[in-house]
Amino acid sequence: MPSRKILVVDDEPDIRELLEITFMRMGLETRAAEALAEARALLEAEDFGLCLTDLRLPDGSGIDLVEYIQQRHPGLPVSVITAYGSMETAIAALKAGAFDFLAKPIDVPRLRVLVQSALKAGGPPKGTPNRRASRLLGDSPAMRRIRELVAKLARSQAPVFIHGESGTGKELIARQIHDQGPRRTAPFVPVNCGAIPAELVESEFFGHLKGSFTGAAADKPGLFQAADGGTLFLDEAADLPLAMQVKLLRALQERKVKPVGATAEIPVDVRILCASHKDLAEEVAAGRFRQDLYYRLNVIEIVAPPLRERREDIPLLASRLLERIGERWGQPAPTLSEDALERLQNYDFPGNVRELENILERASTLCEGRLIRAADLSLPMRHAAPSGPPTAAPEKPPAKAQENAPLDTRLVMQQRDIILRALEDCRWNRTAAAVKLGLSLRQLRYRLKKLGIE
């Protein structure tokens, strides 16, 4: 069990006294230090369940203490006290490994919540994360690194951005961070930001009061209230409307929300995890995502690797997915023949693990008996990795012939080349290619048909 003794590091006597009185009323023991050197000496002499430090100290920075604790006492949560409005400094502390932060003047109820969460999260590291105890399957270096990151981030309250292609398990990573952390007994609330109509986003996130707009027949709590004490997972966060991004930033900074139609804000205690298949930095550069919100959400980034970059995990994933299919159908789990497994390992999986599950479910329906063969997989050949020597690409018309062609023909050939390059760059994922070309999927389909591109 982690110690219930708290180390307070601050050179202001009034702050130390306030914290000591608050902790005494919570039944906690306190040790106080005025500077870094004194704090380090106490850390080496005694065991603590939490360290609470000011950022500005006479002989250094609170971030220096955060880094020291990360190196010498990695199981000890450390929270920092920042000046009001110093969000950049607070984010720097979170990146250094701080569990959480408090802004001055100190909000005592918020302090109590932080202390309770930190004491739950405290304790020595549990060693290398066990694959069997995790739903994040795979023995590839990429997945081992993901599990290590999840175990580390579960002990923090820092916002996390999970970036990866569709179907790579971004929500599963977020759930594992929640399930392994001190908020695991509270709700995990996922929301797809791109699926909420723009005019309803504020109401969905913050709630509304009866009569605040047409159709508001009763008071309704929002997603922040539903996730209070737990985790709010913002899937496809890049799709949030710009107007909502401003209000979300304020809610994250103030830790309060104001329902539509209300005059007072409601305090909430929520950890934010978010994900997107889009690159948020590119969205910021394009003016579609606020830079200040980007820095607030992207404190720590996890990249979910695509399945084609961890092919060694396919046998384990396929086996576990087939077990799940068998349980769902109330039958023995189907098995893969050697040729079927080889075909799967040579396939590019543009849809990643989600596509693997769909392929296996379809093959389980089509196969004879309980053995899935390569033919039962019905894999599209254009995504299969080549098993022999590369074949030559179709020859393009000579440049001279293109120059001498009529203008309409030359324009068609140029359009065809541009579309083919986009499709090849996106591994023939038409949705991604449409985005790359600035077209809707319907427009791209029309051009593919018109140009005779299969």
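Refer to the structure printed above.
Residues numbered from 1 in each chain as written. Predicted model: local features only at pLDDT ≥ 70, side-chain atom pairs only at ≥ 80, totals over all residues. Heavy atoms only, no water.

### Focus on the sheet that holds strand 2 (residues 29-33)
Moving on, step 1. What the five strands build is an open sheet, ordered 2-1-3-6-7; its pairing is parallel. Both outer strands of the open sheet, strand 2 and strand 7 (100-103), are each paired with one neighbouring strand and no more. Going across the sheet, the axis of each strand differs from the next one's by a mean of 20 degrees, ignoring polarity.
Moving on, step 2. In the sheet, strand 1 (residues 5-9) pairs with strand 3 (residues 50-54) via four bridges, with the strands oriented parallel. Opposite Leu-7, over in strand 3, you have Cys-51 as the bridge partner. (Pairing = 2+ DSSP bridges. Helix = DSSP H or I, 4+ residues; strand = E, 2+ residues; numbered from the N terminus. Axes fitted to C-alpha atoms, helices over the stretch in contact; angles between N-to-C directions.)

### Some words on the state of the cysteines
Two cysteines joined by a covalent bond between their sulfur atoms form a disulfide.
Moving on, step 1. Under the criterion given, the structure shown has zero disulfides.
Moving on, step 2. The cysteine Cys-193 is free of any disulfide, with Cys-274 supplying the nearest cysteine sulfur at 8.3 Å.
Moving on, step 3. Exposure remark for Cys-193: the relative accessible area of 2% places this residue in the buried category. (Disulfide = S-S within 2.5 Å. Buried < 20%, exposed > 50% of the residue type's maximum accessible area, 1.4 Å probe, protein only.)

### Some points on unusual backbone geometry
Moving on, step 1. In this model, Lys-104 is joined to Pro-105 through a cis peptide bond whose omega is -5 degrees.
Moving on, step 2. Structurally, Pro-105 can be placed in the loop between strand 7 and helix 5 (108-121).
Moving on, step 3. In this structure, Arg-255 is a non-glycine residue whose phi angle is positive, near 60 degrees.
Moving on, step 4. By the element assignment, Arg-255 lies in the loop between helix 10 (242-254) and strand 11 (256-257).

### Observations concerning the nonpolar core
Moving on, step 1. Counting 47 residues, the largest nonpolar core has Leu-7, Leu-65, Ile-173 and Ile-302 as the members making the most contacts within it.
Moving on, step 2. Looking at this core, the element that brings in the most residues is helix 4 (residues 87-96), giving six residues.
Moving on, step 3. Beyond its immediate chain neighbours, meaning those up to four positions away, Leu-65 contacts Val-9, Leu-36, Ala-39, Leu-43, Cys-51 and Thr-53.
Moving on, step 4. By size, the runner-up hydrophobic cluster in this structure holds 32 residues, among which are Ala-227, Leu-240, Val-257 and Val-270. (Core = buried A, V, L, I, M, F, W, Y, C linked by side-chain atoms within 4.5 Å. Contact = heavy atoms within 4.5 Å.)

### Regarding the sheet that holds strand 9 (residues 188-192)
Moving on, step 1. In spatial order, the strands read 9-10-13-8-14; together these five strands make up an open sheet with parallel pairing. Bordering the open sheet on either side are strand 9 and strand 14 (300-303), each of which pairs with just one other strand. Across the sheet, the axes of successive neighbouring strands diverge by a mean angle of 20 degrees, strand direction being ignored.
Moving on, step 2. In the sheet, strand 9 pairs with strand 10 (residues 231-235) via five bridges, with the strands oriented parallel. Residue pairing in the sheet places Phe-188 in a bridge with Thr-231 of strand 10.

### What to know about helix 20 (residues 441-451)
Moving on, step 1. Taken together, the buried positions of helix 20 are occupied by Leu-444, Leu-448 and Leu-451. Here the buried residues of helix 20 occupy an arc of 75 degrees about the axis, which is enough to place them on one side. Of the exposed residues in helix 20, those oriented more than 90 degrees away from the buried face are Arg-442, Tyr-446, Lys-449 and Lys-450. (Arc of directions from axis to C-beta.)

### Here we look at the packing of aromatic side chains
Aromatic ring pairs are reported here in terms of the distance separating the ring centres and the angle at which the planes meet.
Moving on, step 1. What the rule picks out here adds up to five aromatic pairs.
Moving on, step 2. Plain terms: the ring middles of Phe-188 and Phe-233 are 6.0 Å apart, the flat faces sit at 20 degrees to each other, and that makes the pair stacked. You can see Phe-188 sitting in strand 9 and its partner Phe-233 sitting in strand 10, a full 45 residues away along the chain. Each member of the pair Phe-188 and Phe-233 is classed as buried. (Phe/Tyr/Trp six-rings, centres within 6.5 Å; stacked < 30°, edge-to-face > 60°.)

### Some remarks on the pattern of salt bridges
Moving on, step 1. In the structure shown here, the tally under the stated rule is 24 salt bridges.
Moving on, step 2. Of the charged contacts, one joins Lys-104 and Glu-12 as a salt bridge, the two residues approaching to 3.1 Å between their closest N and O atoms. Of the two residues, Lys-104 sits in the loop between strand 7 and helix 5 while Glu-12 sits in the loop between strand 1 and helix 1 (13-25), which places them 92 residues apart along the sequence.
Moving on, step 3. With a relative accessible area of 35%, Glu-12 lands in the partly exposed category.
Moving on, step 4. Measuring nitrogen to oxygen at the nearest pair gives 3.6 Å for the salt bridge that ties Arg-16 to Glu-34. Residue Arg-16 is located in helix 1, and its partner Glu-34 is located in the loop between strand 2 and helix 2 (36-45); the two are separated by 18 residues in the primary sequence.
Moving on, step 5. The partly exposed category is assigned to Glu-34, whose relative accessible area is 42%.
Moving on, step 6. Counted as one network, the salt bridges with shared partners bring together Asp-100, Arg-110, Arg-183, Arg-255 and Asp-269. (Salt bridge = Lys/Arg side-chain N within 4 Å of Asp/Glu carboxyl O.)

### Quick word on the packing of helix 13 (residues 314-329) against helix 15 (residues 352-366)
To characterise two packed helices, one gives the angle between the axes of the helices and the distance between these axes.
Moving on, step 1. Relative to each other, helix 13 and helix 15 sit at 50 degrees, their axes nearing to 10 Å. On the basis of the axis angle, helix 13 is oblique to helix 15. Handedness of the crossing formed by helix 13 with helix 15: right-handed. On helix 15, the residues touching Leu-317, Ala-318, Leu-321, Leu-322, Arg-324, Ile-325, Arg-328 and Trp-329 of helix 13 are Val-353, Leu-356, Glu-357, Leu-360, Glu-361, Ser-364 and Thr-365.
Moving on, step 2. Along the lines of polarity and charge, the residues of the contact of helix 13 with helix 15 split into nine nonpolar, two polar and four charged. (Parallel < 35°, antiparallel > 145°, perpendicular 65-115°, else oblique. Left-handed = near helix turned anticlockwise from the far one by under 90°. Nonpolar A, V, L, I, M, F, W, Y, C, P; charged D, E, K, R; others polar.)

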